[in-house]
Amino acid sequence: MTAPTATPSRINVMKPWLGEEEITAVTEVLQSGWVAQGPRVAAFETAFAEAMRATEAVAVSNCTTALHLALVVAGIGEGDDVVVPSFSFIATANAPTYVGARPVFADVDQTTGNVTAETLEAALTPATRAVIIVDQGGIPVDLDPIRALCDPRGIVVIEDAACGAGSTYRGRPVGAGAEIAAWSFHPRKILTTGEGGMLTTSHPEWAIRARRLREHAMSISAADRHASLVSPPEEFGEVGFNFRMTDLQAAVGLVQLDRLAEVVARRRENAAYYRNALADLAGIRLVDDPAWGTANFQSLWLEVGPEYPHDREGLLVALAQAGISARRGIMAAHRQPAYRGRDTGRVPLSVTERLNDNTLILPLYHQITQDELDRVTTVIRGAGTD
Ligand SMILES: *Cc1c(COP(=O)(O)O)cnc(C)c1O
């Protein structure tokens, strides 16, 4: 009789990498007595702007509020069309809806999963005043041809860099070439503050307005009011929001930002390992760096082709049976009930649907071990030869 083998431990698609330094940083904030938006948020903004080579950085509560605020400061509202990929987390489509604009869906390029100047141009309408382009899964979007299409038409290019921290475009951080970009620090992304977001922009006047709007459009910030014993009465110049980040979150963000280069280097090594281990497998294609930049592989996805013996669902089941929690690939907003019945333009979204049906995201996190990588590739190779 053979001894029962131990059930292999579960492998998740993503795990945040948090340690003692984050615990110390949060403890210091708690001991300081100032836990809401204050000096740590300001320090995180300065450090993030420098790291991403942005003129201005404004910290907010998450990337969804950053996108919302980006549209407000860019002057987008009722009656305007905003072209967005359907192939993205739903927040990309929701942001225009929040300001009363209409999201119009564009298709994506099959190799990168990103919109291109061509797919955007096909979706432009006479009412298009902005586009939101996404560095999907951390793959840098090809910004220059998109700016060349949009700038002469007066269309604002907003970069949804939720997944993009640590990816580069033409030698610079993604987002650096955008008029305005939005970032996420959700634990599913590369750099986390629990929840959190950032807005970066090359327009100082947009940053000034965003700083005010995130804090109820109050004329004097809570931190400044606290600094003076008798502050002037505050004024609310327009209808604002509470989109603030806390100093507890920013303290974590400062530590995480310091580690970004190390985290991205490790992810790229592990992505390369997956790529080599699966390179000769018919019907499996892993997303890769495009010619114009380097990816952080926030979501390392693969496309299952007809030459592979299983479809995507079959491969997900084979992985799950081995204790591996891969995930279906990026969602398609136009297929969700929230948008199915709405008028979101008329462009065929055939590549979006194909990628939505046939891709899955591989487990990849900083602490992933060689043994775990091998378990994943063994299942994919094994299922690929039966
Ligand atoms: C995660 C994500 C968002 C939303 O980020 P939150 O910080 O959770 O609001 C927006 N856009 C894209 C492309 C994302 O992946």
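Residues numbered from 1 in each chain as written. Predicted model: local features only at pLDDT ≥ 70, side-chain atom pairs only at ≥ 80, totals over all residues. Heavy atoms only, no water.

Close contacts around the ligand come from 14 residues, with C63, T64, D160, S184 and K189 the closest. C63 is positioned with one of its backbone polar atoms (N or O) 2.9 Å from an oxygen atom of the ligand. For the ligand, whose free accessible area comes to 380 Å², the fraction covered by protein is 91%. (Near = heavy atom within 4 Å. Polar contact = N/O pair within 3.5 Å; in protein donor to acceptor, adjacent residues only side chain to side chain. Areas by Shrake-Rupley, 256 points an atom, 1.4 Å probe, with all protein chains shown as cover.)

Among the five residues that make up strand β8 (residues 180–184), five are buried, leaving the element largely enclosed by the rest of the structure. Of the two faces of β8, the one holding I180, A182 and S184 and the one holding A181 and W183 are both buried throughout. When β8 meets strand β9 (residues 197–201), the two strands line up antiparallel, connected through five bridges. Each residue of the ladder has a partner; that of A181, found in β9, is T200. (Buried < 20%, exposed > 50% of the residue type's maximum accessible area, 1.4 Å probe, protein only. Helix = DSSP H or I, 4+ residues; strand = E, 2+ residues; numbered from the N terminus. Pairing = 2+ DSSP bridges.)

Along its sequence, the protein is carved into domain 1 (20–258) and domain 2 (261–383). The straight-line distance from the C-alpha centre of domain 1 to that of domain 2 is 26 Å. With 40 residues of domain 1 in contact, the opposing surface of domain 2 contributes 39 residues. Taking both sides of the interface into account, the surface hidden between domain 1 and domain 2 amounts to around 3,300 Å²; carbon and sulfur atoms contribute 58%. Contact with domain 2 buries area across many residues of domain 1, yet F87, F105 and Q110 alone supply 22% of it, more than any other trio. (Domains from an automatic or database assignment. Contact = heavy atoms within 4.5 Å. Buried area = accessible area lost by both parts, 1.4 Å probe.)

What follows covers the pattern of salt bridges. Going through the model one piece at a time under the given rule, you end up with 23 salt bridges. Residue R259 pairs with E21 through a salt bridge whose shortest N-O separation is 3.2 Å. Of this pair, R259 sits in helix α9 (residues 247–278) while E21 is found in helix α1 (residues 20–32), placing the two residues 238 residues apart along the sequence. Its relative accessible area of 10% is what places R259 among the buried residues. (Salt bridge = Lys/Arg side-chain N within 4 Å of Asp/Glu carboxyl O.)

To continue, consider the sheet that holds β8. In spatial order, the strands read β1-β9-β8-β5-β4-β2-β3; together these seven strands make up an open sheet with mixed pairing. Of all the strands in the sheet, the pair left with one neighbour each is β1 (56–60) and β3 (102–106). This sheet shows a mean twist of 25° between the axes of neighbouring strands, independent of strand direction. Relative to β8, strand β5 (residues 156–160) is paired through three bridges, and the arrangement is parallel. (Axes fitted to C-alpha atoms, helices over the stretch in contact; angles between N-to-C directions.)

For the pair helix α2 (residues 39–51) and α9, interaxial distance at closest approach is 8 Å and the crossing angle is 30°. Accordingly, the angle class assigned to the pair α2 and α9 is roughly parallel. Read as a crossing pair, α2 and α9 show a hand that is left-handed. Contact residues: P39, R40, V41, A43, F44, A47, F48 and A51 in α2; D247, A250, A251, G253, L254 and L257 in α9. Looking at the contact of α2 with α9 residue by residue, the classes come out as 11 nonpolar, one polar and two charged. (Parallel < 35°, antiparallel > 145°, perpendicular 65-115°, else oblique. Left-handed = near helix turned anticlockwise from the far one by under 90°. Nonpolar A, V, L, I, M, F, W, Y, C, P; charged D, E, K, R; others polar.)

Right, let's get into helix α3 (residues 63–73). With 10 of 11 residues buried, α3 lies mostly within the body of the structure. One side-chain oxygen of the residue at the start of α3 lies 2.9 Å from the amide nitrogen of T64, identifying that residue as N62. Looking one or two residues beyond α3, the residue adopting positive phi is G75, at roughly 80°.

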